[in-house]
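Okay, here's what each chain looks like letter by letter:
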Amino acid sequence: MAESGPALHLRSYLQIAWLWIRAAWQYPTSFVLLAVGNGLITALDFVGLWIMFAHLDDLAGFTLPEVALLYGSASLALAVADTAIGSVERIGAYIRTGRLDQMMTKPVPLLVQVCADQFTLRRLGRLTQAAIVFGWACTYVDWTPSRVVVALWMLVSGGLVFFGLFVGFSCVQFWTTDATEFANAFTYGGATVTQYPLTIFPREVLVGLTFVIPVAFVNWYPCLYLLGRSDPTGMPEAFQFASPVAGVLTMAAALLVWRSGVRHYTSTGS
Amino acid sequence: MSLTRSQHEPLIDVRALERTFDVRRRVEGRRRRVRDSVLAVHDLTFTVAAGEMVGYIGPNGAGKSTTIKMLTGILVPTGGQVRVAGLDPSRDRVELARRIGVVFGQRSTLWWDLPLRDSFDLLQKMYRIPPARYRDNLDRFVDLLDLGGQLDTPVRQLSLGQRMRGDITAALLHDPEVLYLDEPTIGLDVVSKGRLREFLRALNDERGTTLLLTTHDLQDIEALCDRVIVIDHGTSVYDGPLAGLHAQGGSSRMLVVDLVDEAPPIEVPGATVRRVEGPRQWLSFPADASAAPVVAAVAASYDVADLSIQEPAIEDVIRELYSRDA
Ligand SMILES: Nc1ncnc2c1ncn2[C@@H]1O[C@H](COP(=O)(O)OP(=O)(O)OP(=O)(O)O)[C@@H](O)[C@H]1O
Ligand SMILES: [Mg+2]
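Bear in mind that the values here come from a model prediction, so they are computed numbers and not experimental data.

Draft legend 1. View of the pairing of strand β11 (residues 272-277) of chain B. Residue and element names in this part refer to chain B. As judged from the 5 bridges shared by β11 and strand β12 (residues 280-286), these two strands associate in the antiparallel manner. Residue pairing across strands places V273 opposite L283, the latter belonging to β12. As consecutive antiparallel partners, β11 and β12 are separated by 2 residues, and within that stretch G278 has a phi angle of approximately 60 degrees, a positive value.

Rendered as structure tokens:
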């Protein structure tokens, strides 16, 4: 076989995902309604921020376009990760219904199957909205070649961080089922937190968001560089370039937890 | 290829296999649930050669499904060894998946909202089945299992029997060497069961596919399997031909005697009266003993109007076997 490893997995992923897109097409109306509804809900999110700014000149020293850059980049990374692998959080349901057992007898890595299963473009709304906000905020950035590079790897690394968080926390369900809410607290919770300048939080929170659940690398540190700001919290400047490291480490940790989860998997009694 | 290998090495090799589950149990009088461990399978040893059709039977909770999950790599054993086609199922699970087919009767592998055909197409991609072979197999199984009319129906609209045939097709498209069936006939009507058995027999005849079948319907076993493994409380209590179960179960045959007149219970050596109803009496004697001396002894001392012998039902034999170790 010419193809191997990641390329092959990606192809399997796309084939499964494509099947689900085709299936969704059989009900075009509900598909469009869901996507639009989803987009509207996320748009309201940002309108909330807008209203806040109508009464404030800045948020912890950040102007609206600057907050929009933070918000847009984090939302974009989250939306990409959520679209690509969001179904991993349903793993508890797969365990209970025996679907996971079925997947384990197929010659495609379990994680690929779990992530691609029931792939939906429903979150296209969120993705579009995030892209628009990010695009608008980008027009206020003073672009240099190195900032372009940092911006690109910020998006990729952000996706990896969320990928790692989604997968890692979903694995909790291998040990105790019904922990979806617990997992959400960290993934979506982490995403919500990054929509604001992290200076509004106490320093302990910032440390936690840097070293424990490294969502600060999704947007906060690289955006400081894009905006040409010195770090108001006095963290090392190197952090502004460390997003790829954070992304890769989070993902590697998540894959280890995943493997251990699969080996501890006990299936169901019937 | 698989035939030459089978002479040297069994296709399935299970040695001292063990699996425990940690469970939390509510105990009266205690607020917190206590930890406990369930021994689902232990000290289980057997081998299956390529081309065999083996019935794997036992009462509810005996450990059948747990064994199949270890054979397919879904569960990691907590002790002992298991090899299938030379692979360690839990470690080489993805590689092994190409060579085995699995049907869990209670749970479908098909995608609920998609037409059967889409599920099959996706499986072709997952297993990377060459297109020509895929088309051949699909045509053949669809024809044999009479699924032609259902290919474009979403799975959720299929009847149980249709869905089961779909699941079996799905498990066979990639020409697996072994097919594990966990209660494949559960819920099917008599006609569907018969058709399914015929199909499985043909599959084994023509392609040499090895079958390991769990079921609570002993007719499945009688129709398909030359060999049965009986498992109870997680370990094998019998392994051999179906017929041999009689001796193992210590079962007995029944001699039904119609006397000319009512009489007190018959007394002859080698047989015991079990029941008396007017002139009719039921005498039991060991299944592996000859009926002739018993019949001769009865005929010599009593006025007999009629005689008949009842063979033990396999269900009774197995029930006996289960209850013995209970
Ligand atoms: N995931 C699990 N967690 C806890 N206990 C389990 C689990 N799976 C099986 N068991 C226990 O292990 C034992 C064997 O179960 P198993 O499902 O293998 O039985 P079985 O022979 O398939 O029974 P049945 O005929 O009812 O399908 C049972 O006591 C069951 O309660
Ligand atoms: Mg079972």
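What follows continues from the structure just given.
Draft legend 2. Expanded view of the interface of chain B and chain A. Between chain B and chain A, the contact holds 31 residues from the first and 33 residues from the second. Surface buried jointly by chain B and chain A totals about 3,000 Å² across both partners, of which 55% is contributed by carbon and sulfur atoms. Sorting the residues of chain B by area buried against chain A places B:I74, B:R107 and B:M126 first, and these three jointly supply 22% of that buried surface. Connecting chain B to chain A are 2 salt bridges. Residues A:R22 and B:D118 are paired through a salt bridge, measuring 3.1 Å at the closest nitrogen-oxygen approach. Here chain B and chain A share 12 residue pairs in polar contact (both at pLDDT 80 or more) between them. Breaking the side of chain B that touches chain A down by element, the ones donating at least two residues are β1 (12-25), α3 (93-97), β5 (100-104) and α4 (116-127) of chain B. Along the lines of polarity and charge, the residues of the side of chain B that touches chain A split into 16 nonpolar, 5 polar and 10 charged.

Draft legend 3. Structural context of the side chain of B:T72. Looking at the element boundaries, B:T72 is found in the loop between α2 (64-71) and β4 (79-84). Using a relative accessible area of 1% as the deciding quantity, one classes B:T72 as buried. In this structure the side chain of B:T72 is engaged in a polar contact, spanning 2.9 Å, whose partner is the backbone oxygen of B:I68. Sequence-distant contacts of B:T72, that is, excluding residues within four places in its chain, are made with A:T105, B:P89, B:R93, B:I100, B:V102 and B:Y180.

Draft legend 4. Structural context of the site of ligand 1. Near ligand 1, the surroundings consist of 17 residues, among which A:T266, B:G61, B:K64, B:S65 and B:T66 are the closest. In the environment of ligand 1, an oxygen atom lies 3.3 Å from a nitrogen or oxygen atom belonging to the side chain of B:E183. Surface burial for ligand 1 is 78%, taken as the share of its 640 Å² of free accessible area covered by protein chains. Elements with a contribution of two residues or more to the shell around ligand 1: β1 and α2 of chain B. For the shell around ligand 1, the leading source of residues is α2(B), giving 3 residues. Looking at side-chain class alone, the shell around ligand 1 contains 5 nonpolar, 10 polar and 2 charged residues.

Draft legend 5. Local environment of the sheet that holds strand β6 (residues 178-182) of chain B. All names here are of chain B. Reading across the sheet, the 6 strands line up as β5-β6-β7-β3-β8-β9 and stay open at both edges, with mixed pairing between neighbours. The two strands at the open ends of the sheet, each matched to only one other strand, are β5 and β9 (235-241). Strand-to-strand twist across the sheet, computed as the mean angle between neighbouring axes with direction ignored, equals 15 degrees. As paired strands, strand β3 (residues 53-57) and strand β7 (residues 210-214) are joined by 4 bridges and run parallel to one another. Looking at β7, one finds that V54 is bridged to L212. In the packing of helix α7 (residues 190-207) onto the sheet, the strands contacted are β3, β6 and β7, and the crossing angle to β6 comes to about 160 degrees.

Calculation criteria
Residues numbered from 1 in each chain as written. Chains lettered and ligands numbered in written order. Predicted model: local features only at pLDDT ≥ 70, side-chain atom pairs only at ≥ 80, totals over all residues. Heavy atoms only, no water. Pairing = 2+ DSSP bridges. Helix = DSSP H or I, 4+ residues; strand = E, 2+ residues; numbered from the N terminus. Contact = heavy atoms within 4.5 Å. Buried area = accessible area lost by both parts, 1.4 Å probe. Salt bridge = Lys/Arg side-chain N within 4 Å of Asp/Glu carboxyl O. Polar contact = N/O pair within 3.5 Å; in protein donor to acceptor, adjacent residues only side chain to side chain. Nonpolar A, V, L, I, M, F, W, Y, C, P; charged D, E, K, R; others polar. Buried < 20%, exposed > 50% of the residue type's maximum accessible area, 1.4 Å probe, protein only. Near = heavy atom within 4 Å. Areas by Shrake-Rupley, 256 points an atom, 1.4 Å probe, with all protein chains shown as cover. Axes fitted to C-alpha atoms, helices over the stretch in contact; angles between N-to-C directions.

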